[in-house]
Amino acid sequence: MKTAVRIIVLVLVVGAAGFGGYYILNGIKLPTFPEVVDIVPFQIGGGGPSGNTVEKPTEQGGGGGAETTGESGNLLERVSRGAVFSYSVISDSEIYYFATDGRVFRVKADGDEVVSDKTLASLNGVWTTSDGKRALVSFGDPARPEWGVFDFLDGVWRPLPASIEYAAWGENADMLIAIEEANGQRDLVKVNLAKGTPVSSTIFRNFGVRDVSFVNAGKDRVFIVEKASSFYKGSVWELNTKTLEMKTVFFEEPGLSLKVLGSNSGVIKFSSPNKFSLNTLSGEIKKEFIIKTIPNKCGGAGNRFFCFFPTNIPENIFLPDDYFKNKVSFVDALYEINRETGEDFIMFQSGVDTIPIIDGVDVSLVGERLYFINKYDKRLYRANLTLLEKSKNVVE
């Protein structure tokens, strides 16, 4: 969509009511991570950098695979026994995950427990609430998916109406922001889940913007994120669902993607070819980083957030597109970044000493544990930040 057309469409919509940076670490020498002697045994084999590879998982949850351990003395733990599509952490002792076939498991030391044996033909996406107790799930035909809400505590699926074209979490676990299509009309709506049966209320009618996603940015604020790639530009707008005021947050940037940090404490933003920054919710830059990665490899809350940074990027690839299409994988180093000062601290480099090769995504911070999925074996891991803190080095 050309710039002029997109702006006209947005004006019409509001009027009718009344979206790595991959970077080779050039010139930066990563500090050597001290030998990890208290790490969980990973059944490591040869063949990768530093001789460390990760064991292939069982494709679905349940038995098999490496041991799951809850010992607090481990620097790094592999949590799930099966391959993980998405996960939810209510507490360090209450962890759930969606297997790649749509079944839901709870992590148990003696074998992951099936919470839901419902299989799904195709998982498109899973988004959990901030408390981890519910998940919004898209599955089926990506062009017109089905939607449902899964409750981890009672193990119950609650389908959404077939008229829902797209949905995202709103200001709380009982509210969705959605695009609803009925009788040839597409409306932007709120969907209230509090009474069991979903109830829609219109925010405004004739929502004409397509190829966008929504990201909750706090009470009554939603980011409308335009689809982008390295080949074309995208923008992000903030919509106040109460006043219907809309304003530009980021405008016309190629490969634009973002992630709102926990507690709405800031925004991690990437745009092609190598711009990676920490921003306020209003879009102002707080820190631009020399080392680069993408928002999906970051997570955190308050003044602390963490990112997996690729230590080397192959040439002749297009990012972020090739990464999202699984055409390229990375060997990562984990960094902690202070949101206020912008200081970078390396926590560890994967593929070194006893640490397995890690390409980390879907990062979340729960207390003093950092959870993430390793794309190499599709399993859920967690790092003990209290122990890692003792070994971190400042990158000069």
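Described below are features of the structure shown in this document.

Conventions adopted
Residues numbered from 1 in each chain as written. Predicted model: local features only at pLDDT ≥ 70, side-chain atom pairs only at ≥ 80, totals over all residues. Heavy atoms only, no water. Disulfide = S-S within 2.5 Å. Helix = DSSP H or I, 4+ residues; strand = E, 2+ residues; numbered from the N terminus. Buried < 20%, exposed > 50% of the residue type's maximum accessible area, 1.4 Å probe, protein only. Pairing = 2+ DSSP bridges. Salt bridge = Lys/Arg side-chain N within 4 Å of Asp/Glu carboxyl O.

1. Quick look at the state of the cysteines
Turning to step 1, where the next piece is worked out: Enumeration according to the criterion identifies 1 disulfide in this entry.
Turning to step 2, where the next piece is worked out: The residue that forms a disulfide with cysteine 298 is cysteine 307, at a sulfur-sulfur distance of 2.1 Å. Judged by the sign of its S-S torsion, about 115°, the bond between cysteine 298 and cysteine 307 is right-handed.

2. Focus: unusual backbone geometry
Turning to step 1, where the next piece is worked out: With an omega of 0°, the peptide bond running from serine 272 to proline 273 counts as cis.
Turning to step 2, where the next piece is worked out: Relative to the elements of secondary structure, proline 273 occurs in the loop between strand S19 (267-271) and strand S20 (275-279).
Turning to step 3, where the next piece is worked out: One non-glycine residue, serine 263, adopts positive backbone phi at about 60°.
Turning to step 4, where the next piece is worked out: Summarising the element assignment, serine 263 is placed in the loop between strand S18 (257-260) and S19.
Turning to step 5, where the next piece is worked out: In this model, lysine 378 sits at a positive phi of 65°, which is unusual for a non-glycine residue.
Turning to step 6, where the next piece is worked out: Tracing the backbone shows lysine 378 in the loop between strand S27 (369-374) and strand S28 (379-384).
Turning to step 7, where the next piece is worked out: Residue classification places lysine 378 among the partly exposed residues on the basis of a relative accessible area of 37%.

3. With respect to the pairing of strand S9 (residues 156-159)
Turning to step 1, where the next piece is worked out: As judged from the 4 bridges shared by strand S8 (residues 146-151) and S9, these two strands associate in the antiparallel manner. Paired with aspartate 151 across the bridge in S9 is valine 156.
Turning to step 2, where the next piece is worked out: Connecting S8 to the antiparallel partner S9 that follows it, the hairpin turn spans 4 residues, and glycine 155 within it adopts a positive phi of roughly 70°.

4. Points about the pattern of salt bridges
Turning to step 1, where the next piece is worked out: Under the criterion given, the structure shown has 18 salt bridges.
Turning to step 2, where the next piece is worked out: One salt bridge connects aspartate 154 with arginine 158, and the closest N-O pair in it is separated by 3.1 Å.
Turning to step 3, where the next piece is worked out: Residue classification places arginine 158 among the partly exposed positions, given a relative accessible area of 29%.
Turning to step 4, where the next piece is worked out: A salt bridge links arginine 304 to glutamate 336, with the nearest nitrogen and oxygen atoms 3.3 Å apart. Pair noted here: arginine 304 is in strand S23 (residues 304-310) and glutamate 336 is in strand S24 (residues 332-338), with a separation of 32 residues, a long-range link.
Turning to step 5, where the next piece is worked out: Overall, glutamate 336 belongs to the buried group, its relative accessible area being 7%.
Turning to step 6, where the next piece is worked out: A network of salt bridges, in which partner residues are shared, links Arg134, Asp151, Asp154, Arg158 and Asp174.

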